[in-house]
Structures are given as C-alpha cells and as structure tokens.
Amino acid sequence: MSDATTIRLLLVDDHPVVRDGLRGMFTAAPGFEVVGEAGDGAEALVLVAALRPDVVLMDLRMPRMDGVTAIREMAERGLPGRVLVLTTYDTDADVLPAVRAGATGYLLKDAAREELFHAVREAARGASVIAPTVAAKLLGQVRAPVREPLSPRELEVLELVASGATNREAAARLFISEATVKTHLIHVYAKLDVKDRASAVAAAYNLGLLTPTGRSV
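These numbers come from a predicted model, not from an experiment.

Conventions we followed
Residues numbered from 1 in each chain as written. Predicted model: local features only at pLDDT ≥ 70, side-chain atom pairs only at ≥ 80, totals over all residues. Heavy atoms only, no water. Helix = DSSP H or I, 4+ residues; strand = E, 2+ residues; numbered from the N terminus. Buried < 20%, exposed > 50% of the residue type's maximum accessible area, 1.4 Å probe, protein only. Contact = heavy atoms within 4.5 Å. Core = buried A, V, L, I, M, F, W, Y, C linked by side-chain atoms within 4.5 Å. Expected span 1.5 Å × (residues − 1). Arc of directions from axis to C-beta. Pairing = 2+ DSSP bridges. Right-handed = clockwise from strand over helix to strand, strands pointing away. Axes fitted to C-alpha atoms, helices over the stretch in contact; angles between N-to-C directions. Parallel < 35°, antiparallel > 145°, perpendicular 65-115°, else oblique. Left-handed = near helix turned anticlockwise from the far one by under 90°. Nonpolar A, V, L, I, M, F, W, Y, C, P; charged D, E, K, R; others polar.

Caption draft 1: Examining the overall build of the protein more closely. Counting its regular elements, the protein contains 10 helices and 5 strands. The buried share of the protein, reckoned over its 217 residues, is 45%. Across the protein, contacts joining residues at least 24 apart in sequence account for 63% of those joining residues at least 6 apart.

Caption draft 2: Seen up close, the nonpolar core. If you look at the biggest cluster of nonpolar residues, it comprises 46 residues, and the most contacted ones within it are F26, L57, L116 and V120. In contact with V120, other than residues within four places in its own chain, are I7, L9, F26, F32, V55, L57 and L84. Counting residues in each nonpolar core, the second largest holds 21 residues, with V157, A171, V181 and Y189 among its members.

Caption draft 3: Local environment of helix α9 (residues 178–192). End to end, α9 covers 21 Å across 15 residues, agreeing with the expected 21 Å (1.5 Å per residue, within 8%). Looking only at α9, the buried set comprises V181, H184, L185, V188, Y189, K191 and L192. Projected down its long axis, α9 shows its buried positions confined to an angular sector of 165 degrees, all on one face. Exposed side of α9, more than 90 degrees from the buried face: A179, I186 and A190 are the residues found there. In this structure, the buried side of α9 is in contact with α7 (152–162), α8 (167–174) and α10 (197–206).

Caption draft 4: Seen up close, the pairing of strand β4 (residues 82–87). Counting buried residues in β4 gives 5 out of 6 residues, a clear majority hidden from the surface. Two strands pair when backbone bridges link them, and strand β3 (residues 55–58) and β4 are joined in this way by 4 bridges, in the parallel orientation. Opposite M58, over in β4, you have V85 as the bridge partner. A crossover links β3 with its parallel partner β4, the connecting element being helix α3 (residues 67–77), and its sense is right-handed.

Caption draft 5: Local environment of the packing of α9 against α10. Contact geometry for α9 and α10: axes closest at 10 Å, N-to-C directions at 55 degrees. The orientation of α9 with respect to α10, classified from their angle, is oblique. For the pair α9 and α10, the sense of crossing is left-handed. The segment α9 lies against α10, with L185, V188, Y189 and L192 engaging R197, A200, A203 and A204. Residues of the contact of α9 with α10, tallied by class, amount to 7 nonpolar, no polar and 1 charged.

Set out below in structure tokens:
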C-alpha cells in the first residue's frame, strides 16, 4: 500500500451511478482514497498501469472488455493491485472464471457498507474475502466428483454448439467430418453426465467451461 493508513482504490464499473455511489462511500470513510474510475476492463488496464492502485474494485459484465479478461490481463502483464470483484452475479459461470483469472476476493453488490470496507482492507493485505453464497458454490466445486476434462477439440465443438451451430456447420467450421463432430459430442455428453446438446451447454456454463460470451475458458 502507499502508506500505513490509506488504501488507494480504482473503481471499475460501466454504470456511472454505481461508481458515484462507491466513490462517495469510500471518500467519506477514513483510510481510503479513490484514485481513479474506469467504465470497462480496457480502460481499467490503462489506469492500473498509470495509477498503481492498491485495490481494484472490478465489475464483471462490461462492454468492450469484461472483468474476467481484465483480471487475467493484469496478472499476465504483472500489473500491481489486488482485484476485488464487486458484481450482481453469483453463478458458477461468473464466479469460477473470475477466481481462476486471479481475483483476490468476490463480493456482491448487496453487501453492507462495513462488509465492503472490510473486504477492501483484507484484499489490500492479500487476504481473500468471498461472499457466503459464492463461497458455497466454490466449496461445491471442490466437493464435486472429479470429471475427466474435455479435450481442446471437444471444447471447440461445444462452443460452436452453444452458439447455435448444427453438427454440419460445426464440421465445416472445424474442417472435420460431421461424424467426427457427433463422436466428440458423445464424449462430451459422457464426461458431463448429460444426454443432449442443451444439457451439455447448460452444464458447461455451470462448470465455468464456457463464459457468458460463449468463449471457452
């Protein structure tokens, strides 16, 4: 941190009203300084490099660049700052990719003021604070039976299926036969313990294998 008493914050959210509320809340509280604001992940990366905040409060679903991509980019570029996700969403498809990308903590926007302050302080010192509903989902993943992972080709097929492609269209896109696509789907169904295309796509989202944008992770 910049000194022993002040935590420097960057607010990242595509809704100006949300940023205004957060800025007012932290500005009025001792021990915090809001050093910048960003409306999407791409802008956040620029500001993180320039301002070097202690903690980045990061929304997930934003235009241009989403929060998970920004978190991953921060880690890959070695940019400073702990990332505390602050979002409305607590589905597996949101939680797991964010944690895997390197988020320090995960909080929901209905958190109480003092809970948010505590989470930011913990994030600043490198500790994790996870919302109870989110923690339950992560624990469920840990306790879940270990499944054989999907191969890269199986993920490609599943991604195309999720986008609405038929077996023939998927085959043409991947330069393989339609029969091969069907074989990959049979393997996907077995690995995900499902019986049809729709269930396979739903299971992939729940497991975090596909993001809401349709890209595999």
